Structures are given as structure tokens and as C-alpha cells.
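A structural walkthrough
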Amino acid sequence: NAGVTQTPKFRILKIGQSMTLQCTQDMNHNYMYWYRQDPGMGLKLIYYSVGAGITDKGEVPNGYNVSRSTTEDFPLRLELAAPSQTSVYFCASSYTGGGPGAGNTGELFFGEGSRLTVL
Amino acid sequence: KNEVEQSPQNLTAQEGEFITINCSYSVGISALHWLQQHPGGGIVSLFMLSSGKKKHGRLIATINIQEKHSSLHITASHPRDSAVYICAVTLGYGNKLVFGAGTILRVKS
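In this report, the structure presented in the accompanying data block is examined.

Rules of the game
- Residues numbered from 1 in each chain as written.
- Chains lettered and ligands numbered in written order.
- Predicted model: local features only at pLDDT ≥ 70, side-chain atom pairs only at ≥ 80, totals over all residues.
- Heavy atoms only, no water.
- Phe/Tyr/Trp six-rings, centres within 6.5 Å; stacked < 30°, edge-to-face > 60°.
- Buried < 20%, exposed > 50% of the residue type's maximum accessible area, 1.4 Å probe, protein only.
- Helix = DSSP H or I, 4+ residues; strand = E, 2+ residues; numbered from the N terminus.
- Contact = heavy atoms within 4.5 Å.
- Pairing = 2+ DSSP bridges.
- Axes fitted to C-alpha atoms, helices over the stretch in contact; angles between N-to-C directions.
- Buried area = accessible area lost by both parts, 1.4 Å probe.
- Polar contact = N/O pair within 3.5 Å; in protein donor to acceptor, adjacent residues only side chain to side chain.
- Core = buried A, V, L, I, M, F, W, Y, C linked by side-chain atoms within 4.5 Å.

Examining the packing of aromatic side chains
- Within this structure, the stated rule accounts for six aromatic pairs over all chains.
- Taken together, a centroid distance of 5.7 Å and an interplanar angle of 20° make the contact between Tyr33(A) and Tyr35(A) stacked. Tyr35(A) matches Tyr33(A) in its accessibility class, with the two residues each being buried.
- Ring centres of Tyr33(A) and Tyr48(A) lie 6.2 Å apart, and the angle between their planes is 20°; this geometry places the pair in the stacked category. On the criterion of sequence distance, the pair formed by Tyr33(A) in strand S4 (residues 31-37) and Tyr48(A) in strand S5 (residues 43-51) is long-range, its members being 15 residues apart. Taken individually, Tyr33(A) and Tyr48(A) each receive the classification buried, so the pair is uniform in this respect.
- Counting every residue linked through ring pairs, the aromatic cluster contains Tyr31(A), Tyr33(A), Tyr35(A), Tyr48(A), Phe110(A) and Phe99(B).

Looking at the environment of His78(B)
Residues and elements named next belong to chain B.
- Tracing the backbone shows histidine 78 in the loop between strand S8 (69-74) and strand S9 (83-91).
- Each C-alpha atom, one on histidine 78 and one on alanine 13, is 9.1 Å from the other, the two residues being 65 residues apart in sequence.
- Dropping the residues within four chain positions of it, histidine 78 is found in contact with Glu15, Arg58 and Val107.

Remarks on the sheet that holds strand S3 (residues 19-25) of chain B
All names here are of chain B.
- In spatial order, the strands read S1-S3-S8-S7-S6; together these five strands make up an open sheet with antiparallel pairing. For this open sheet the edge positions go to strand S1 (4-7) and strand S6 (52-56), each flanked by a neighbour on one side alone. On average, adjacent strands in this sheet sit at an angle of 15° to one another, irrespective of strand direction.

What about the interface of chain B and chain A?
- If you look at the interface, chain B gives 19 residues, while chain A gives 23 residues.
- Summing both sides of the interface, chain B and chain A together bury roughly 1,700 Å²; the carbon and sulfur share of this comes to 59%.
- Here chain B is connected to chain A by one residue pair in polar contact (both at pLDDT 80 or more).
- When residues in the side of chain B that touches chain A are grouped by element, the largest group, five residues, is from strand S4 (residues 29-37) of chain B.

Some remarks on the nonpolar core
- Leu32(B), Trp34(B), Leu72(B) and Tyr85(B) are the most contacted members of the largest nonpolar core, which has 25 residues in total.
- If you list the elements that add at least two residues to this core, you get S3, S4, strand S5 (43-49), strand S7 (59-64), S8, S9 and strand S11 (103-108) of chain B.
- Take this core: its biggest share by element is five residues, from S9(B).
- Core analysis: the second largest hydrophobic core is formed by 19 residues, Met32(A), Leu76(A), Leu78(A) and Cys91(A) among them.

What about the sheet that holds strand S1 (residues 4-7) of chain A?
Residues and elements named next belong to chain A.
- Sheet architecture is open: four strands sit in the order S1-S3-S8-S7, paired in antiparallel fashion. Of all strands in the sheet, those bounded by a partner on one side alone are S1 and strand S7 (64-66). Each strand axis lies, on average, 15° off the axis of its neighbour in the sheet, ignoring direction.
- The pairing of S7 with strand S8 (residues 76-78) spans three bridges and is classified as antiparallel. The residue bridging asparagine 65 from the neighbouring strand is arginine 77, located in S8.

Printed below as a string of C-alpha cells:
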């Protein structure tokens, strides 16, 4: 099992450029998350999904978009990159058997992170 | 006030010492997670708790639901335990996780 795979690991963007961070998991997890981690700060939730076709905003969704067309994939799109989006991004997944309203009580699995710099 | 508070923020210990990291939360939760992040590295789940106590090797995690408090203990600490330890809670309503700011642990040999 590959677990949670994120690409790319590193990327430098110019202001105004667009890009997509890819995230794939092969564990058939229903929950998937995107977080950003700024230096010295805790993880902040950008978007999450409780299953294919269902996404919802987290704490810091502005400037990002997501989609969840399959159980495995949860890409994060930056449409107009800004310096404030310079950060390390983590994708995570977990499984809970209680359905969308049950709350995530499954063990978390993280990708290795993607370091994004916007200049 | 953050919903999840960790203490201490930074901790330096000598190899072999017993270490405790604390996590307090102010909201209703359905689960609490302890995570480990090595410098420049990814994040690994250590424990997921909804009650009581769990042990894995030299690591022990406890939670007191009434007091809204959890502790992570490391026995016989080793330099390879040096990492950031993060507490996160699954809110009792909805499906969101809230993270503490992390505790930076350095174990010196």
C-alpha cells in the first residue's frame, strides 16, 4: 500500500499563477483533508471531504478549490497564487464507519507534504 | 482562546528522562489524536483516543473526558524522539479536526 501520496513535493510559483496539488489514497478512506502549516503555527484546515462528491470548507478556504470525483483522489487547486499562500500543504485521510454525520473517529494518515513558495 | 491548547510549547530533556506533554481542549469532542512530526518530515499518527489510556512501546497516551485533558508520556526518552508532537481533536459536532500548535521536543544525549 502506498498510503497517502501527494505531488509535487516542492513548487515555486509566481504571483497570479495557478496550480493543482494532487492527493491520492489507496486505503478506501472516506474522509480526506487538506491542511496548510505555516512556520511555528498549527495545522489549519483548508477543505475536507467526507466522501466522493461531498466537500466542505475548513478554516482557511479562501483562494483554494477542491473536488472529490472519486474516493481515491482529492486535488487542491490554487487559482491565483498569492504570497500569503506560501506554506507547507498536507493531505490526510481517514476512515470512519458511521457515515457523514458520525464525526471522524478514524486514525489519520498524512501525505509527506508539499512545500509551496509564491514569489 | 484556542480550542486546543498544548503545553509546554518547547521542551528539552536529557536522554532517559520521563516526558509529559499536555493537551487541554474547550469543546465537546468525539476523539483526540496525538501526532508526531519530525523536522522536515511528514506527520505520523501515534494514538487516537476517545477514553482511557493507550500504550505503544515507550509511548503512553491518556485522556480524561470530564476534565477535557489528555497527556502524552514518553518513558526512557531517546534523541530519536526529538520531534514536534501535535494534539488534535475531532469536534463532537460536524466532521472537523482542530489542531493544537504543537510541542517541540528535543532530547539530548
